Amino acid sequence: MSTARARAVRLTRWGGPPVLTELPRPVPTGEEVLLRVEAAGLCRSDLHVIDAAAGGLPYRVPFTLGHEVAGRVLERGPRAVGPAVGERVVVYGPWGCGRCAHCGAGAENYCDRRPDLDRELAGTGAGLGRDGGMADTVLVPSGRLLVPVGDLDAVQAAPLTDAGLTAYHAVATVGAPLADGASVVVLGVGGLGHLAVRILRATTTAQVLAVDVREEALTLADACGAHFATLPRPDTARVLRARTGGTGAVAVFDFVGSRASLELGVAVLRAGGDLVVVGSGGGELTVRKPGALPPGTRISLPFWGTVPELRRVVALAREGALRVEVERYPLSGAPEAFERLRAGAVRGRAVVVPDRASD
Ligand code: FEH
Ligand code: ZN
Ligand code: ZN
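Definitions and limits used
Residues numbered from 1 in each chain as written. Chains lettered and ligands numbered in written order. Predicted model: local features only at pLDDT ≥ 70, side-chain atom pairs only at ≥ 80, totals over all residues. Heavy atoms only, no water. Donors = N, O, S within 2.8 Å, 3.2 Å for Na, K, Ca; no water. Tetrahedral: all angles 85-135°; square planar, octahedral: opposite > 155°, others 65-115°. Buried < 20%, exposed > 50% of the residue type's maximum accessible area, 1.4 Å probe, protein only. Near = heavy atom within 4 Å. Polar contact = N/O pair within 3.5 Å; in protein donor to acceptor, adjacent residues only side chain to side chain. Areas by Shrake-Rupley, 256 points an atom, 1.4 Å probe, with all protein chains shown as cover. Helix = DSSP H or I, 4+ residues; strand = E, 2+ residues; numbered from the N terminus. Contact = heavy atoms within 4.5 Å. Core = buried A, V, L, I, M, F, W, Y, C linked by side-chain atoms within 4.5 Å. Pairing = 2+ DSSP bridges. Axes fitted to C-alpha atoms, helices over the stretch in contact; angles between N-to-C directions. Patch = residues over 30% accessible without salt bridge, like charges linked within 9 Å, V, L, I, M, F, W, Y side chains within 5 Å. Salt bridge = Lys/Arg side-chain N within 4 Å of Asp/Glu carboxyl O.

Chemist: What am I meant to see in the coordination of the zinc ion (ligand 3) here?
Modeler: In an ideal octahedron of six donors the angles at the metal are 90 or 180 degrees, and in an ideal tetrahedron of four donors they are 109.5 degrees. Surrounding the zinc ion (ligand 3) are the protein donor atoms C97 (SG), C100 (SG), C103 (SG) and C111 (SG), which sit 2.3 to 2.4 Å from the metal. Geometry at the zinc ion (ligand 3) is tetrahedral, judged from the four donor atoms that bind it and their angles of 99 to 116° at the metal. Within one chain, the residues donating to the zinc ion (ligand 3) are spaced in sequence as C-x2-C-x2-C-x7-C. The burial state of C100 is the same as that of C103; both residues are buried.

Below you can see the structure in the form of structure tokens.
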């Protein structure tokens, strides 16, 4: 360990609040790479972690939160690969074994050794059982997990690694062409949903219909290019189906995952359509034939995304095709940002910046 110190927002006990504290700055060994963090996004999954009871997750406290990270390479271990010292990067968040077939293809989000890994390494990745990037520095196991971002603003870059990548992977999951004449529905226009609307408008010609329970989220949906946005009402399924010309949506992206959102999604889905469930809202669906699901329905439960997809998301942002709505906080403002996130008050994505000048 070096004598230098670094601040970090840490979960120090199960059921306790995130705590801003100071630690010795880690020294990278082997393949490890140390970053100076420039920005870290907040996610609803952080709240699930913070609220977890002891034994509820395969993680060991204490650890630093933050799985949506952008920064600059500060120091590399002797066997490090990838970006050089001084290069600006984002961190691919799901840290797999790096050796299985999925990891070899850059799909560490679907690492074949995940359950063992969670136990062996006590963590899914940055800020998820392993020390994350809601801190001055973050130690990344390998340079294979870093994607260069050039001069992209860090506050814009950090949310691409989770909100952006997860939304992009969800859209890429759909087999049918999202082309002229096709309609898709986005349920939930928050940190992920607003980027899904922007990604759909930037990469497809489908009609995008959005639903959210908050008026300000409908305004955000419009700003992101949604063709129509509405609050959920008793006749919303009829209204949405009418806007699809009666056939229904070729894909529904549910970023809420509640009983109500899943029921609405099924009610507006076209026969042979894709129900893409991203949100962890605790809702359940009954899969039965015959049943409520239209014939030919494909259900997917995508998780995060792949390294090649993260490169494509960064490229979209660098060419100006993908802009993140952010609320910016100093690192010391993380507790306030978490409370706003918990209250559903954040517009877009909350991002903390470890900027001593503003802390
Ligand atoms: C992370 C860990 C576990 C569940 C879900 C997540 C998402 O926030 C990743 O996008
Ligand atoms: Zn997340
Ligand atoms: Zn693996």
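Now that the structure is up, let's keep going.
Chemist: How should the site of ligand 1 be read in this particular structure?
Modeler: Around ligand 1 sit C43, S45, H67, L128, D162, T166, F303 and W304, and those are all the residues in its vicinity. In the environment of ligand 1, an oxygen atom lies 2.3 Å from a nitrogen or oxygen atom belonging to the side chain of D162. Taking T166, its side chain carries an N or O atom lying 3.2 Å from an oxygen atom of ligand 1. In the complex, 75% of the free accessible area of ligand 1, which totals 290 Å², lies under the protein chains.

Chemist: Honestly, the coordination of the zinc ion (ligand 2) in this entry has me stumped. Any pointers?
Modeler: Each protein donor to the zinc ion (ligand 2) is listed here as C43 (SG), H67 (NE2) and D162 (OD); together their distances run 1.9 to 2.2 Å. One can describe the donor arrangement at the zinc ion (ligand 2) as tetrahedral, given that its four donor atoms subtend angles of 91 to 132° at the metal. Here the donor residues of the zinc ion (ligand 2) are spaced in sequence according to C-x23-H-x94-D. Residue C43 is found in the loop between β3 (33–41) and α1 (44–51), and its partner H67 is found in the loop between β4 (63–64) and β5 (69–76); the two are separated by 24 residues along the sequence. For the pair formed by C43 and H67, the shared burial category is buried.

Chemist: I would appreciate a short explanation of unusual backbone geometry in the present structure.
Modeler: In terms of backbone geometry, most residues other than glycine have negative phi values and most peptide bonds are trans. P62 follows V61 through a cis peptide bond whose omega is 0°. Mapped onto the secondary structure, P62 falls in the loop between α1 and β4. Following K289, the chain continues to P290 via a peptide bond in cis, the omega torsion being -10°. Backbone geometry places W304, a non-glycine residue, at a positive phi of 50°. Residue position: W304 is located in the loop between β16 (298–300) and α10 (307–318). By relative accessible area, which is 4% here, W304 ends up buried.

Chemist: Would you mind going over the side chain of E327 with me for this structure?
Modeler: You can see E327 is positioned in strand β17 (residues 326–330). A distance of 3.0 Å separates the side chain of E327 from the backbone nitrogen of R347, its partner in a polar contact. Non-local contacts of E327, meaning those with residues more than four positions away in its chain, are made with R340, A345, V346, R347, R349, A350 and V351.

Chemist: Looking at this structure, how should I read the nonpolar core?
Modeler: As a rule of thumb, nonpolar side chains are buried together in soluble globular proteins. Core analysis: the biggest nonpolar cluster contains 95 residues, and L35, M134, L178, V184 and F253 have the highest contact counts within it. For L178, the contacting residues outside a window of four places in its chain are V171, V184, L200, T204, T205, A206, V250, A251 and F253. With 16 residues, the next largest nonpolar core counts L187, F228, V266 and L269 among its residues.

Chemist: I'm lost on the sheet that holds strand β2 (residues 18–24) in this one. Help?
Modeler: For sheets, the rule is that strands pair by backbone hydrogen bonds, running either parallel or antiparallel. On the basis of which strands lie adjacent, the open sheet formed by three strands has the order β2-β1-β4 and antiparallel pairing. Edge positions in the sheet fall to β2 and β4, since each of these pairs with one other strand and no more. Pairing analysis gives two bridges linking strand β1 (residues 5–11) to β4, with the strands arranged antiparallel. Its bridge partner lying in β4, R10 is registered against T64.

Chemist: What's the story with the sheet that holds strand β13 (residues 228–230) in this structure? I'm lost.
Modeler: With parallel pairing, the six strands of this open sheet are ordered in space as β13-β12-β11-β14-β15-β16. Two strands close off the open sheet at either side, each with one partner strand: β13 and β16. Sheet twist, expressed as the average angle between the axes of neighbouring strands with direction ignored, equals 15°. In this structure, strand β14 (residues 249–254) lies alongside strand β15 (residues 269–277), joined through five bridges in parallel fashion. Within β15, the residue paired with A251 across the bridge is D274. Sitting on the sheet, helix α9 (residues 259–268) is in contact with β11 (183–187), β12 (207–211), β14 and β15, with an inclination near 155° to β15.

Chemist: Looking at this model, I keep getting lost on a nonpolar patch on the surface. Mind explaining?
Modeler: Where nonpolar side chains cluster on the molecular surface, the patch consists of V287, I299 and L301 and spans about 320 Å² of accessible area. Tracing the backbone through its elements, the reader meets I299 in strand β16. Take I299: its relative accessible area is 39%, and that puts it in the partly exposed class.

Chemist: Would you mind going over the pattern of salt bridges with me for this structure?
Modeler: Side-chain pairs of opposite charge can arise whenever the charged atoms involved come near each other. Applying the stated rule across the entire model yields 18 salt bridges. Taking the shortest distance from any N to any O, the salt bridge between R214 and D212 comes out at 3.2 Å. Residue R298 is joined to D274 by a salt bridge in which the shortest nitrogen-to-oxygen separation is 2.9 Å. Of this pair, R298 sits in strand β16 while D274 is found in strand β15, placing the two residues 24 residues apart along the sequence. Shared partners join several salt bridges into a network, and the residues in it are R198, R323, E325 and R347.

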